Amino acid sequence: MNVWIAIGVTAVACYAVKLAGLLVPAGALERPLVRRLAALLPVALLAALTAQQTFADGHALVLDARAAGLAAAAAALVLRAPFLLVVAAAVAVTAGVRALGG
């Protein structure tokens, strides 16, 4: 029964956050600081998620094949490679390092 309570509370909280976003006056969203934060926040959240998924295993900090794949993706981005090539490079390097026992 506790799971259903958690699901219900989460659904109500999500609805409240969505409603709060709709109730913000349009003038407040046109401020330069708010526009800049809205543009940078998704990038920061994605970077944090990538770092957490790459370098964490539970509560431990790890450096394994995922880090090599991330480095390959970063190198491909610096070389201005297309997105699919960036993903392919990360996948190939990660698989290669894991195949070599890393």
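This text goes with the structure placed above it.
Fair warning: this is a prediction, and the values are worked out from it, not measured in the lab.

Engineer: What's the story with the environment of Thr54 in this structure? I'm lost.
Structural biologist: Looking at where Thr54 falls in the secondary structure, it is placed in helix α3 (residues 32–55). Between the alpha carbons of Thr54 and Ala65 there is a distance of 8.9 Å; along the sequence they are 11 residues apart. Ignoring any residue separated from it by four or fewer positions in sequence, one finds Thr54 in contact with Val62, Asp64, Arg66, Ala67 and Leu70.

Engineer: Whenever I open this one, α3 confuses me. Can you help?
Structural biologist: Structurally, the α-helix is built with 3.6 residues per turn, so residues lying three or four positions apart point the same way. Taking 1.5 Å per residue as the helical rise, α3 with its 24 residues ought to reach 34 Å, and the 34 Å between its terminal C-alpha atoms agrees with that figure. At Leu40, α3 shows its strongest bend, of approximately 30°, with the proline Pro42 following within four residues.

Engineer: How do you make sense of the environment of Ala88 when you look at a structure like this?
Structural biologist: Considering the arrangement of structural elements, one finds Ala88 in helix α5 (residues 83–99). The class of Ala88 is partly exposed, set by a relative accessible area of 40%.

Engineer: Where do I start with the nonpolar core in this structure?
Structural biologist: Soluble, globular proteins show a tendency: their nonpolar side chains are buried together. Ala73, Ala76, Ala81, Val86 and Ala90 form the largest nonpolar core, which has 5 residues in total. Those elements that place two or more of their residues in this core are α4 (65–78) and α5. Aside from chain neighbours lying at most four places away, what touches Ala76 is Ala81 and Val86.

Engineer: What exactly am I supposed to notice about the pattern of salt bridges here?
Structural biologist: Charged atoms that come close allow side chains of opposite charge to pair. Evaluation of the coordinates by the stated rule reveals 2 salt bridges. Here Glu30 ties to Arg35 by a salt bridge, and the two come within 3.6 Å at their closest N and O atoms. For Arg66, the salt bridge identified is with Asp64, shortest N-O distance 3.3 Å. Relative accessible area serves as the criterion here: at 29%, Asp64 is assigned to the partly exposed category.

Engineer: Could you clarify how one ought to interpret unusual backbone geometry in this entry?
Structural biologist: Negative phi characterises most residues that are not glycine, and trans characterises most peptide bonds. One non-glycine residue, Arg80, lies in positive phi territory at about 60°. By the secondary structure assignment, Arg80 is in the loop between α4 and α5. Take Arg80: its relative accessible area is 75%, and that puts it in the exposed class.

Engineer: Whenever I open this one, the environment of Val62 confuses me. Can you help?
Structural biologist: Locating Val62 in the fold gives a position in the loop between β2 (60–61) and α4. Residue Val62 is classed as partly exposed on the basis of its relative accessible area of 22%. Apart from the residues lying within four places of it in its own chain, the contact partners of Val62 are Thr54, Phe55, Ala56 and Asp57.

Engineer: I tried to follow the packing of α3 against α4 on my own but got confused; where do I start?
Structural biologist: Geometrically, a packed helix pair is captured by the angle between its two axes and the distance between the axes. Contact pair α3 / α4: the axes reach a minimum separation of 8 Å and the direction vectors enclose 140°. As judged from the angle between their axes, α3 and α4 are oblique. For the pair α3 and α4, contact is made by Thr50, Gln53, Thr54 and Phe55 and by Arg66, Ala67 and Leu70, respectively. Tallied by class, the residues present in the contact of α3 with α4 amount to 3 nonpolar, 3 polar and 1 charged.

Cut-off values and rules
Residues numbered from 1 in each chain as written. Predicted model: local features only at pLDDT ≥ 70, side-chain atom pairs only at ≥ 80, totals over all residues. Heavy atoms only, no water. Helix = DSSP H or I, 4+ residues; strand = E, 2+ residues; numbered from the N terminus. Contact = heavy atoms within 4.5 Å. Expected span 1.5 Å × (residues − 1). Bend = angle between axes of the 7 residues up to and from the residue. Buried < 20%, exposed > 50% of the residue type's maximum accessible area, 1.4 Å probe, protein only. Core = buried A, V, L, I, M, F, W, Y, C linked by side-chain atoms within 4.5 Å. Salt bridge = Lys/Arg side-chain N within 4 Å of Asp/Glu carboxyl O. Axes fitted to C-alpha atoms, helices over the stretch in contact; angles between N-to-C directions. Parallel < 35°, antiparallel > 145°, perpendicular 65-115°, else oblique. Nonpolar A, V, L, I, M, F, W, Y, C, P; charged D, E, K, R; others polar.

Keep in mind these numbers describe shape, not what the thing actually does.
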